Amino acid sequence: MEKGDSVGRFPFPFKPYPIQESFMETLYAVLDQGKVGIFESPTGTGKSLSLICGALTWLRDFEEKRKKETAKLLQEGEKPRKAGKESEEKGDGCEKTDDERRFGGAEPDWVSEFVQKRTEREVVNKLKDEEMKRKRREDMLDMIRLNAHLKYSMKRKNNDDNETEKLLQLSSTQGLGSEDRSPEEEEEGFIVADYESDEENAPKNRLCNDDDDDDDDLEEEHVTKLYYCSRTHSQLAQFVHEVQRSPYGSTVSLVSLGSRQNLCINPDVARLGSLQLINDRCTELQKNKHDKKNKSEWEPKRSRRGHTVTCAFSAYEKLMSMRNDVLATVRDIEQLVQHGRATHSCPYYSTRLAIPAAQVVVLPYQSLLHAATRKSSGIKLKDQIIIIDEAHNLIDTITTLHSAEVNGAQVCRAYSQLMQYCERYRSRLKAKNLMYIKQILFVLEGLVRTLGGKVGLNPVAQSTQSGTELLTINDFLFRAQIDNINLFKVQRYFEKSMISRKLSGFVEKYEGSGVTTHSGFINKENRRTDGLGRFLQTLQSKPAAPPEQQGAVEDRNTMASPMMLVESFLFSLTNSNKDGRVVMEKQACLAQSSVKFLMLNPAVHFAQIVKECRAIIIAGGTMQPVTDFKQQLLLSAGVSEERIAEFSCGHVIPPENILPVVLCVGPSGQELEFTFQTRETPQMMEETGRVLSNLCNVVPGGVVCFFPSYDYERRILAHWETIGVLQRLSAKKKVFREPKKASQVEQVLSEYTKCIQRSCSTGGGQSGALLFSVVGGKMSEGINFSDDLGRCIVVVGMPYPNIKSPELQEKMAYLNKHMPHLDGRSPGKALVENLCMKAVNQSIGRAIRHRGDYACIVLCDRRYSRGSTLQKLPEWIRTSTHTHSSFGPAFASIRRFFLEKRQMQHI
């Protein structure tokens, strides 16, 4: 079929909508031309399927085209082989002419021809090698798929026969923890290896780099693939299920990546719960396996007490077997875990072994957007395709990933732990290690001093003068008096020595011994730490802090290893001075004071991704306004305007199924403008109550009302409670509120759903339910209010961010200085408006979830009628929006809208 023929060009599980065909055509062109595409497709329009079928069709065509080109080149390359041989023989007999050339004579034609022929032969040999690898890979997958049933039948029988024996063996080996090792082995594991810095050992490091290059040559070659990433594991699982039911479900090689916390099947490791503890224990088990493998045969055997524990699920044969299974069958995270348990194979390492040969890699945002995580996961982006779904918060995600914060209690705790570590192992540490450890201690002391405290004293008992200060990186380094420390060297020392992990294991060991304090240990063999131990005992008791503050400090202390948090913060200080700021926030006591690095230029970290990959697709349901992506992320990362492509489509629902209304005036004639000065006046709050009362009289099912902030929600509901508005609303619809805890969201949604279903089926006094929520809150994103759950979405006011926030002010100042002014508005002001409308778009996108759905959207604030504001609404909403300067006509149109829908249902 010709390339330009769209009929049947994209395999689809059903006849695609016209907008889906347009989506896939544009997607195909963007991938083929190596561009960066921004795709907006509302929820309910089949965006995931369009991404899958469009991208995999391009990948299929790309591979076919490459096969044909390879075959053609191989065919043409065979022809000149004889001529090449003759040229080579001729060259062998003409050494004299070559000498003449080297002494200034003109290069003979036969020499140029010989070089050209030799280059052609090298290219042909390389193509042959690549073609052989490709055929071998395809044959392997075909064999696995054809023999899958027989293979699993045989495995099931073998597993049944050996199940009891394996379980007994597993229980006997996995129960042996670090406490079963000899004390010498345990102590040796805590000590950092000998370390040499880069500059002083350049030849050695160059040699090491050469070794690394050799290792890279031995790695399996990465095929051209799609990296698909999204925010949550549930969204990734949904994407995988769409792939499974697509026409490519049985032929594509897909691997789902997750953390050890999601994929670990070792019960003794998984039960640790904490991600950091799971990572540390898994790493330790793998190290034990390699250490055990590398031990010399002549090395004396240790006693039974010194038995080294390894993971029973990570044997190489098992990993390679499951790796092949992963490539043969599309599975999500849960299915991978089930398969791993059935085959006693580690899903975490098996999936990473499958990355090079996979055609699609599914992974969370963080694994792709963070360079260190990409490297550790084995992800290579060179000439690959990246699809970032649910990308409306992409800039915020990158900014958050590369920002870091640490509080006074954590810095003090890290200092005390490292000090005790240094004291205990001082005689066993090399001079270079001691030097770097002392540098880190000096830096930690500087951080505490900058926050107004001193090391060695209880951080809870130390009072500081409250206030917030914002500094450049250089100014902060001078303030902390650590500007003379080379943080790049310190960063490399952290990475190479793994001092944070060593310290974490050291603390965990002695905390678990029963003779340790909250932050360190008291050991009989080393009395020099007794004084510090007594201090740490006072730190644990926290006598100077109120109980509620103690709980807050304790929670933050125990969330993660304090040195790892300090390490992240120090790494962030190696950014360019203009790309970030340091926010110092001093509270009543040192323990609660904090320093935070704020990343101002996320394009710095996105630029490497743009540079390496072939094409990038940035997709979402509501991507408006896209100026943020273009200016702050793409253009700043070096992407030319010509390389950026934009696609936005309408909804699959008919226009008559949606009624967006901008309400400028309330029922009593009160102008609706919820500015900070007017929104808390009794008149404005009471007028808002009248608007909702009128809407609840005519809207069936569920009404979801979004307020601009939690504080305003609390204030307006309290006022309504006093004047009886809530009672009137409750008489018509049962009232629900967004819960304070995320763990209670499911329960509230379940009760809300049951109430609406009950009222719709039985009728009665109440006609449904009314749910109060907050823009940007727990129910403004990722929640599905389809059909009767969300017949009307009401947004009260415009949720502008806090303009007085130091972080926002610094971000605005940065944009005003480095970004161009558009339409006469400063980039900083545009940022505030865009943040507001992004949040609104996410909230109103909770309704209209499929083709047959319908809903009314009411924007209560006359400022929504401004042309610049309307332009930031999604196109499919903007084109249907009606602005009303009086309440009567607006209410009449809403009542007529639902009356017509009710009549259509009865036909």
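Only a predicted model underlies this, so the values are computations on that prediction, with no experimental measurement involved.

Quick notes on the rules
Residues numbered from 1 in each chain as written. Predicted model: local features only at pLDDT ≥ 70, side-chain atom pairs only at ≥ 80, totals over all residues. Heavy atoms only, no water. Phe/Tyr/Trp six-rings, centres within 6.5 Å; stacked < 30°, edge-to-face > 60°. Helix = DSSP H or I, 4+ residues; strand = E, 2+ residues; numbered from the N terminus. Buried < 20%, exposed > 50% of the residue type's maximum accessible area, 1.4 Å probe, protein only. Pairing = 2+ DSSP bridges. Axes fitted to C-alpha atoms, helices over the stretch in contact; angles between N-to-C directions. Contact = heavy atoms within 4.5 Å. Salt bridge = Lys/Arg side-chain N within 4 Å of Asp/Glu carboxyl O. pLDDT = per-residue confidence, 0-100. Parallel < 35°, antiparallel > 145°, perpendicular 65-115°, else oblique. Nonpolar A, V, L, I, M, F, W, Y, C, P; charged D, E, K, R; others polar.

Next up on the list: the packing of aromatic side chains. Taken as a whole, this structure holds 22 aromatic pairs when the rule is applied. Measuring from ring centre to ring centre gives 5.1 Å for Tyr421 and Tyr425, while their planes differ by 70°; the resulting arrangement is edge-to-face. In this pair, Tyr421 and Tyr425 both sit in helix α19 (residues 408–425), four residues apart, roughly one turn of the helix. When its relative accessible area of 0% is taken as the criterion, Tyr421 is described as buried. Since its relative accessible area comes to 1%, Tyr425 is described here as buried.

Pairing is parallel across the open sheet formed by seven strands, whose spatial order is β14-β15-β13-β16-β17-β12-β18. The open sheet has two edge strands with one neighbour each: β14 (734–737) and β18 (882–884). If you compare each strand with its neighbour and ignore which way they point, the axes differ by 20° on average. Inspection of the sheet shows strand β12 (residues 658–663) paired to strand β17 (residues 855–860) by six bridges, in the parallel sense. The partner of Val662 across the bridge, within β17, is Leu859. Against the sheet, helix α31 (residues 725–732) makes contact with β14 and β15 (768–774), and its axis sits at roughly 135° relative to β15, the strand it touches most.

Turning our eyes to something else, we now look at the pattern of salt bridges. On inspection of all chains with the given rule, the structure shows 25 salt bridges. Two residues, Arg715 and Asp711, come together in a salt bridge whose shortest N-O distance is 2.9 Å. With Arg715 and Asp711 both in helix α30 (residues 710–723) and four residues apart, the pair spans about one turn of that helix. By relative accessible area, which is 34% here, Asp711 ends up partly exposed. For Glu833, the salt bridge identified is with Lys872, shortest N-O distance 3.8 Å. On the criterion of sequence distance, the pair formed by Glu833 in helix α34 (residues 827–844) and Lys872 in the loop between α35 (867–870) and α36 (875–878) is long-range, its members being 39 residues apart. Per residue, the accessibility class of Glu833 equals that of Lys872, and both read buried.

The pLDDT averaged across the protein works out to 79; a share of 75% of its residues lies at or above 70. Every residue in residues 149–180 scores below 50 in pLDDT, and together they form 35 contacts with partners more than four places removed in sequence or on other chains. Note on residues 200–218: pLDDT under 50 across the span, and five contacts to partners over four residues away in sequence or across chains.

On to unusual backbone geometry, then. Residues other than glycine predominantly adopt negative phi, and peptide bonds predominantly adopt the trans conformation. Positive phi, normally seen in glycine, also occurs at Gln481, with a value near 60°. Taking relative accessible area as the criterion, Gln481 reaches 45% and is therefore assigned partly exposed. At Met498, a residue that is not glycine, the phi angle is positive and equals roughly 55°. Along the chain, the position of Met498 falls in the loop between α22 (487–497) and α23 (499–511). By relative accessible area, Met498 is classed as partly exposed at 41%.

What follows is about the packing of helix α33 (residues 806–818) against α34. Contact pair α33 / α34: the axes reach a minimum separation of 7 Å and the direction vectors enclose 130°. When the axis of α33 is compared with that of α34, the two are oblique. Of the residues in α34, those touching α33 at Leu808, Lys811, Met812, Leu815 and Asn816 are Pro827, Gly828, Lys829, Leu831, Val832 and Leu835. Class assignment of the residues belonging to the contact of α33 with α34 gives a composition of seven nonpolar, two polar and two charged.

We now examine the sheet that holds strand β11 (residues 644–648). Spatial strand order, β3-β4-β2-β5-β10-β1-β11: seven strands in an open sheet with parallel pairing. If you trace the sheet from one side to the other, it starts and ends with β3 (254–256) and β11, each paired once. Geometrically, the sheet is characterised by an average inter-axis angle of 15° between neighbouring strands, direction not taken into account. Summarising the sheet, β3 and strand β4 (residues 360–364) pair through three bridges and their orientation is parallel. Paired with Ser256 across the strands is Val362, a residue of β4. Across the sheet, helix α28 (residues 627–634) is in contact with β1 (36–40), β10 (615–620) and β11; its angle to β1 comes to roughly 155°.

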